[in-house]
Amino acid sequence: MYKILIVEDDMMIAKTLSSHLEKWDYEVRYVKDFKNVMNDFLEFDPQLVLMDIEMPVMNGLDAAAIIHKAMPETHIVFLTAFDRFDYAVGAMRAGGTDYLVKPFDSAQITACLRKLNLLPESRPRGQAGKCVLHPVFRVAGASLHAGCVARSGGRGDGHECVLLLTLFSHLV
């Protein structure tokens, strides 16, 4: 069973993510005391960390750099409300493997898990539909470089979920 640590200061997002991921039979924890993020990480030893960037006490980019140095095989996916290119570059430099812009939905989380080969083949137990973390999607359009994004999860109503998949290696 894969372990996922959620480091997110918005408890509504952390609990919703946790609930969604537990339906896939992941072992999930979320950090409640941001003074002890590194202790929680070392104690839990997750395969994946879902990390906010702007948090109390410690910046997510700094925490990720420490985690990546200690355990480079751990995947780090950043969750942020800031759709800024410099944050995306910083996330990749800190050892991040992906970058999701809030608000996002479960389809983006699922795509991320699939990309990292951490997705079980079956559907979540007891789930016919999808869990929506936020009902509104961010429309990014032309503000992001086409080589850096992949569009996925359109709802058929004109909104698109934008998932930042890769940055060019010369930027990292």
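See above for the structure.
Caption draft 1: Geometry of the pattern of salt bridges. Summed over the entire model, instances satisfying the criterion amount to 5 salt bridges. A salt bridge links R84 to D86; its shortest N-O distance comes to 2.7 Å.

Caption draft 2: Summary view of unusual backbone geometry. In this structure, the amide linkage connecting K102 to the following residue, P103, adopts the cis form with an omega of -5°. Looking at the secondary structure, you find P103 in the loop between β5 (98–101) and α5 (106–115). In this structure, D25 takes a positive phi of about 70° despite not being glycine. As for its position among the elements, D25 is in the loop between α1 (11–22) and β2 (27–30). Looking at D25, the relative accessible area reads 45%, which means it is partly exposed. Of note, the phi angle at D45 is positive, near 55°, even though the residue is not glycine. Inspection of the secondary structure puts D45 in the loop between α2 (37–44) and β3 (48–52).

Caption draft 3: Quick peek at the side chain of K102. Here K102 lies in the loop between β5 and α5. K102 sits in the buried class, given a relative accessible area of 12%. In terms of polar contacts, K102 uses its side chain to reach the side chain of E8, at 2.8 Å.

Caption draft 4: Structural context of the environment of D33. The residue D33 is located in the loop between β2 and α2 in this model. As for D33 and P56, which are separated by 23 residues in sequence, their C-alpha atoms are 9.5 Å apart. Of note is the side chain of D33, whose polar atom sits 3.1 Å from the backbone nitrogen of K35. Only 2.6 Å separates the side chain of D33 from the side chain of N36, close enough to count as a polar contact.

Caption draft 5: Representation of the nonpolar core in the model. Grouped together as the largest cluster of nonpolar side chains are 26 residues, with contacts concentrated most on V7, M51, F78 and Y99. Sorting the residues of this core by element identifies β1 (3–7), α2, β3, α3 (60–70), β4 (75–80), α4 (85–93) and β5 as the ones contributing at least two each. In contact with F78, not counting residues within four places along its chain, are M51, I53, G60, L61, A64, A91, A94, G96, D98, Y99 and L100. Of all hydrophobic cores here, the second largest spans 21 residues; its members include I4, V28, L50 and L113.

Caption draft 6: Structural view of the packing of aromatic side chains. Throughout the structure, instances matching the rule amount to 2 aromatic pairs. Between Y2 and Y26, the aromatic rings sit 6.4 Å apart at their centres with planes inclined by 35°, giving tilted as the arrangement. Taken as a pair, Y2 in the segment before β1 and Y26 in the loop between α1 and β2 lie far apart in primary sequence, 24 residues in all. Considering the side-chain rings of F82 and Y87, the 5.5 Å spacing of their centres and the 70° angle between planes classify their relative orientation as edge-to-face. A relative accessible area of 35% places F82 in the partly exposed class. On the basis of relative accessible area, Y87 is assigned to the buried category, the value being 11%. Between the NZ or CZ atom of K3 and the centre of the ring of F44, over which it lies, the distance is 5.4 Å. Sitting above the plane of the Y30 ring, K32 keeps its charged end 5.2 Å from the centroid.

Reading the values: the criteria
- Residues numbered from 1 in each chain as written.
- Predicted model: local features only at pLDDT ≥ 70, side-chain atom pairs only at ≥ 80, totals over all residues.
- Heavy atoms only, no water.
- Salt bridge = Lys/Arg side-chain N within 4 Å of Asp/Glu carboxyl O.
- Helix = DSSP H or I, 4+ residues; strand = E, 2+ residues; numbered from the N terminus.
- Buried < 20%, exposed > 50% of the residue type's maximum accessible area, 1.4 Å probe, protein only.
- Polar contact = N/O pair within 3.5 Å; in protein donor to acceptor, adjacent residues only side chain to side chain.
- Core = buried A, V, L, I, M, F, W, Y, C linked by side-chain atoms within 4.5 Å.
- Contact = heavy atoms within 4.5 Å.
- Phe/Tyr/Trp six-rings, centres within 6.5 Å; stacked < 30°, edge-to-face > 60°.
- Lys NZ or Arg CZ within 6 Å of the ring centre and 35° of its normal.

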